[in-house]
Amino acid sequence: MFWFDQLINGLTIGSVYALIALGYTLVYGILQMINFAHGEVFMLGAFAGYFVLLAVGGDDLGGATIIPAIVLAMFVAALASSSAAVVIERIAYRPLRNAPRLAPLISAIGVSVALQNIVLRMTGGRDRVYPRIFPGGSFGFGDFQVGYIQAFLIVASVLMMAALLVFIQRTRTGRAMRAVAENRATASLMGIDVDRTIVTTFVVGAALAGVAGVLQGLWIPNIRGTMGFLPGIKAFTAAVVGGIGSVPGAMVGGFFLGLTETVGRELLSAIPGVHLPNEWSDVIAFSLLVLVLVFRPTGIFGERVSRRA
Amino acid sequence: MATSPAEPTLRDEAATAMTRLRTRSLTMRFEGLVALDAVDLEVRPGAIHGLIGPNGAGKTTLFNVVTGYHRPTSGTIELDGRRIDGLLRHEIAEAGVSRTFQNIRLFGAMNVIENVLVGRHSKIAVAGVELAGRMRPHSDHRALAAVRALPSAPRAMLHGLLEVAGAIAQPPRVRQTERAAIEHCAELLQFVGLVGREHELANNLSYGDQRRLELARALATDPALLLLDEPTAGMNPAESASVVRLVRRIRDELGVTVLLIEHAMSVVMGVCERITVLDYGRKIAEGTPAEIQGNAAVIEAYLGTSAAQGGGRAAPRA
């Protein structure tokens, strides 16, 4: 069924946006900084997962062996993305911690462009293609069919988001992250190592983005050095829509944006005289960003638009 | 009293002969302004020591320098004979210095018990080799030595990953220390008189209760020295009296040494055994409450400023 398919497509792409958006919102919450290199962290995760899958057999993988292979790919991708984020934080952001807010932003854009080009160069500018190991079928009742891969994406992301919420709410590390986000100086005076907590925040956000890279690769197999740019900006939009700095906001914003691009676009197309093919997704997403910034800059869940200013 | 955190008492035994806090020629300059001018201060273990002086005398600056919020321009700070100037803020907190703030600084979006747990942060285990290395700094296990030898970036990454992995996997040791921390923090809440309020948002507490919560949070770090910045500010006499009782119990029952800034002279004179007076960043007097009340320099400093401000504040009563 057409509308059901659109709904599932929206949730699938939305779950990728949500996972990436969490990285933006976590880092913003703690540093009030937009980490524009985060899309590239996602891209690096996709590549790391790709190489793992190739190394363990590539297209020859089949049957039950794909499960450990995918888990390993996600794990290594999370590790690779986290490592990259830690290095980026150390060399490009930490020295600018007390600089005007524009400085780390520009530094982030510089890192983003550099990483895109390094990977493009290393891959000779050609796309790499994920091994097609995931079963292509679907399940459901009659017209209501969900692709296995889409179900996998949605379920995996939702599980990770649930784990993240528990992590933030229930663990010492999550508490430290919230304390540092609320008041860095006071947190440090209560015995929290602020630098380490900031690093941990980057690690968490990057791990989610790395896993998102693998998930997207399993779904849309072509990967390249510039693949992080658009999802990065879209996820940033999702974080803003949800309320930047808010963790539930990034989750809701991601799914909301995914659904807007698909179901929303088709709904608009249903108006007589309007025809918005798939390419209009980006126009719709970024129009939404503009609208939110104009009419509700704090997003769905945001209250504090500027704690520091 | 059920609450009797063990560490402060142990520290006391080890350090009875020593001075809890000692500053030597402590100086803090901010672009032309000398906020602290060669201050020598000694706080004895187990004391309730008052720090008074007119507005702008440098009292809060002294707290900020001792806790590492500012690096001193010159001079030294020792806690139980160990230099702590130059340490990072969280290291000074771990060394045993904790504080409250003149303008309350709770984590308003967190609930009451979470605020106290933040103070307990460094007492809860994280999984992993690095942490084990931190808790047993002299262990010569090869893995620990290897981790310690790592450059700081990979070590930070390893630690970040372990911290996340440990938080997700929740090995027994992590869970056990977290549970112990929650129990300890609940006891501290009982100690300051905030029973049954664990799950209220800190921002929703009354002003007086927020001050009590700040005390519980500061105590959660197991301090050897507690710095209280105007703990009775903005309180009515009844509330103020109950805070004074609490400060005494913090010293008597928990064995924590207290250094407090206070404007209400009745409080200072009533609770402190020794008092140091600052004026324009300089120490102008030190002694027992009786000595301070009769000190000519102190009276002049107070009368001078209070006259300039229209006599709004009381001079120490003779």
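In this numbering scheme, every chain counts its residues from 1 along its sequence in written order. Each chain takes a letter, starting from A, and each ligand takes a number, starting from 1, following the order in which they are written. Under the rules for a predicted model, residues below a pLDDT of 70 receive no local features and side-chain atom pairs below 80 are neither given nor counted, while totals for whole chains, interfaces and linings still include all residues.

**Q** How would you explain the overall build of chain A if you had to name every residue and give the values?
**A** For the purposes of this entry, the term helix denotes a DSSP run of H or I that reaches at least four residues, the term strand denotes a run of E that reaches at least two, and both are numbered from the N terminus. The number of helices and strands found in chain A is 11 helices and four strands. Only C-alpha atoms enter the radius of gyration, while the globule expectation follows 2.2 Å times N to the 0.38, with N the number of residues. The globule rule puts the C-alpha radius of gyration for 309 residues at 19 Å, and the 19 Å found for chain A is close to it. Dimensions of chain A along its principal axes, counting C-alpha atoms only, are 60 × 50 × 40 Å. Pairs at least 24 residues apart make up 77% of the contacts formed inside chain A by residues separated by at least 6 positions. By the criterion used throughout, residues are in contact when their C-beta atoms, derived from the backbone, lie within 7 Å.

**Q** Any details on the sheet that holds strand β4 (residues 74–79) of chain B? Residues and values, ideally.
**A** Residue and element names in this part refer to chain B. Read from one edge to the other, the open sheet built from four strands follows the order β2-β1-β4-β5, with strand pairing classed as antiparallel. The open sheet is flanked by β2 (33–43) and β5 (82–83), the only strands paired with a single partner. Pairing of β4 with β5 involves two bridges; the strand directions are antiparallel. Bridging across to β5, Glu78 finds its partner in Arg83. Angles run from 0 to 180 degrees between N-to-C directions of axes, and those axes are lines fitted to C-alpha atoms, restricted for helices to the stretch in contact. Set on the sheet, helix α2 (residues 59–66) makes contact with β1 (21–30), β2 and β4; between it and β2 the angle comes to about 70 degrees. By this definition, two strands are paired if DSSP reports at least two bridges between them.

**Q** So what's going on with the nonpolar core? Which residues, and what values?
**A** Counting residues in each nonpolar core, the largest one holds 169 residues, and the members touching the most others are Ala18, Leu19, Ala21, Val203 and Val211 of chain A together with Ala216 of chain B. There are two domains that each give this core at least three residues, and those are domain 1 (1–96 + 222–318) and domain 2 (128–170) of chain B. Setting aside chain neighbours within four positions, we find Val211 of chain A in contact with Leu19, Gly45, Met74, Ala77, Ala78 and Met160 of chain A. Joining buried Ala, Val, Leu, Ile, Met, Phe, Trp, Tyr and Cys residues through C-beta atoms within 7 Å gives a set, and that set is a nonpolar core. Three exposure classes are used, based on other C-beta atoms lying within 10 Å of a residue's own C-beta, which is placed from the backbone: buried for 20 or more, exposed for 12 or fewer, and partly exposed in between. These domain boundaries are the output of an automatic or database domain assignment.

**Q** Which residues make up the confidence of the model for chain B, and what are the values?
**A** Residue and element names in this part refer to chain B. Per-residue confidence from the predictor is reported as pLDDT, a score between 0 and 100. Per-residue pLDDT for chain B has a mean of 84; in total, 82% of the residues score no lower than 70. Long-range and interchain partners of residues 1–8, a stretch whose pLDDT sits below 50, account for 14 contacts in this model, where long-range means more than four residues apart. Counting contacts from residues 306–315, a segment whose pLDDT is below 50, to residues more than four positions away or on other chains yields nine contacts. The ipTM assigned to the predicted complex is 0.87, against a pTM of 0.88.

**Q** Describe the interface of chain A and chain B, naming the residues involved and giving the relevant values.
**A** Many analyses report the size of an interface as the accessible area lost when the parts associate. Of the residues lining the interface, 31 residues belong to chain A; the matching set on chain B comes to 31 residues. If you list the elements that add at least two residues to the side of chain A that touches chain B, you get α3 (66–93), α5 (148–170), α6 (172–182), α7 (184–189) and α8 (194–219) of chain A. Examining the composition of the side of chain A that touches chain B, we find that eight residues originate from one element, α6 of chain A, more than from any other. Of the residues assigned to the side of chain A that touches chain B, the class counts are 14 nonpolar, 10 polar and seven charged. Each residue gets one label: Ala, Val, Leu, Ile, Met, Phe, Trp, Tyr, Cys and Pro are nonpolar, Asp, Glu, Lys and Arg are charged, and the others, such as Gly, are polar.

**Q** Can you tell me about the pairing of strand β2 (residues 138–141) of chain A, naming the residues and giving the values?
**A** All names here are of chain A. Across four bridges, the pairing between β2 and strand β3 (residues 144–147) is antiparallel. The residue bridging Ser138 from the neighbouring strand is Gly147, located in β3. A loop of two residues connects β2 with β3, the two strands running antiparallel in sequence, and Gly142 in this loop sits at a positive phi of about 50 degrees.

**Q** Give a detailed account of helix α11 (residues 280–295) of chain A, specifying residues and quantitative values.
**A** Structural remark: α-helix, 3.6 residues per turn; residues separated by three or four positions point the same way. All names here are of chain A. Here α11 contains 16 residues, and its C-alpha end-to-end distance of 22 Å stays within 8% of the 22 Å for a straight helix at 1.5 Å per residue. Within α11 the residues assigned to the buried category are Ser281, Ala285 and Leu288. Viewed end-on, α11 has its buried residues packed into an arc of 55 degrees, placing them on one side of the element. Set apart from the buried face of α11 by more than 90 degrees, the exposed residues are Val283, Val290, Leu291 and Val294. In this fold, the buried residues of α11 make contact with α9 (229–242) and α10 (247–269). To estimate the expected span of a helix, count its residues, drop one, and scale the result by 1.5 Å. This arc corresponds to the set of directions leading from the helix axis out to the C-beta atoms.

**Q** Account for helix α8 (residues 172–192) of chain B, with residues named and values stated.
**A** Residue and element names in this part refer to chain B. Here α8 spans 30 Å end to end across 21 residues, near enough to the 30 Å set by a 1.5 Å rise per residue. Among the residues making up α8, those that are buried are Val174, Glu178, Ala181, Cys185, Leu188, Leu189, Phe191 and Val192. All buried residues of α8 lie within an arc of 150 degrees about the axis, which places them on one face of the element. Of the residues in α8, the exposed ones pointing more than 90 degrees away from the buried face are Pro172, Arg179 and Glu183. Positive backbone phi, at 90 degrees, marks Gly193, one or two positions downstream of α8.

**Q** Just give me the short version of the environment of Asn115 of chain B, but keep the residues and values in it.
**A** All names here are of chain B. Along the chain, Asn115 turns up in helix α4 (residues 112–119). Residues Asn115 and Met235, 120 residues apart in the sequence, show an inter-C-alpha distance of 22 Å. In this view, Asn115 contacts Leu106, Phe107, Met110, Ala202, Leu213 and Arg217; residues no more than four positions away in its chain are not counted.

**Q** Could you give an account of unusual backbone geometry, naming the residues involved and the relevant values?
**A** Residue and element names in this part refer to chain B. Despite not being glycine, Ser25 has its phi angle at roughly 45 degrees, a positive value. You can see Ser25 is positioned in strand β1. Residue class for Ser25 comes out partly exposed when judged on the 13 C-beta atoms lying within 10 Å of it. Its identity as a non-glycine residue notwithstanding, Asp222 has a phi of 55 degrees, on the positive side. Along the chain, Asp222 turns up in the loop between α9 (207–219) and β7 (225–229). The class for Asp222 is buried, based on 23 C-beta atoms found within 10 Å.

**Q** Residues and numbers for the sheet that holds strand β10 (residues 282–287) of chain B, please.
**A** Residue and element names in this part refer to chain B. The strand order across the open sheet built from six strands is β6-β7-β8-β3-β9-β10, with neighbouring strands paired in mixed fashion. Of all the strands in the sheet, just β6 (97–99) and β10 have a single pairing partner and so form its edges. Taken over all neighbouring pairs, the strand axes of this sheet differ in orientation by 20 degrees on average, direction set aside. Direction of pairing for strand β3 (residues 48–52) relative to strand β8 (residues 257–261): parallel, over a ladder of four bridges. Paired with His49 across the strands is Leu259, a residue of β8. Running over the sheet, helix α10 (residues 237–254) touches β3, β7 and β8 and is turned about 155 degrees from β8.

**Q** Run through the environment of Arg170 of chain A, naming residues and quoting values.
**A** Residue and element names in this part refer to chain A. Relative to the assigned elements, Arg170 resides in helix α5. The class for Arg170 is partly exposed, based on 13 C-beta atoms found within 10 Å. Along the backbone, Arg170 and Gln6 are 164 residues apart, and their C-alpha atoms lie at a distance of 36 Å.

**Q** How would you summarise the pairing of β10 of chain B if you had to cite specific residues and measurements?
**A** Where strand β9 (residues 274–279) of chain B meets β10 of chain B, five bridges bridge the pair, whose relative direction is antiparallel. Note on β10 of chain B: the bridge partner recorded for Asp279 of chain B is Arg282 of chain B.

**Q** Lay out the packing of helix α2 (residues 38–55) of chain A against α9 of chain A with the relevant residues and their values.
**A** Residues and elements named next belong to chain A. Their axes nearest at 8 Å, the elements α2 and α9 cross at an angle of 130 degrees. One way to sum up the angle between α2 and α9 is to call them oblique. Once α2 is placed against α9, the crossing between them reads as right-handed. Across the interface between the two elements, His38, Gly39 and Phe42 of α2 pack against Phe229, Pro231, Gly232 and Ile233 of α9. Considering only residue class, the contact of α2 with α9 consists of four nonpolar, three polar and no charged. When an angle is under 35 degrees it counts as roughly parallel; over 145 it counts as roughly antiparallel; between 65 and 115 it counts as roughly perpendicular; any other value is oblique. Crossing chirality is assigned from the near helix's rotation relative to the far helix, an anticlockwise turn below a right angle marking it left-handed and a clockwise turn marking it right-handed.

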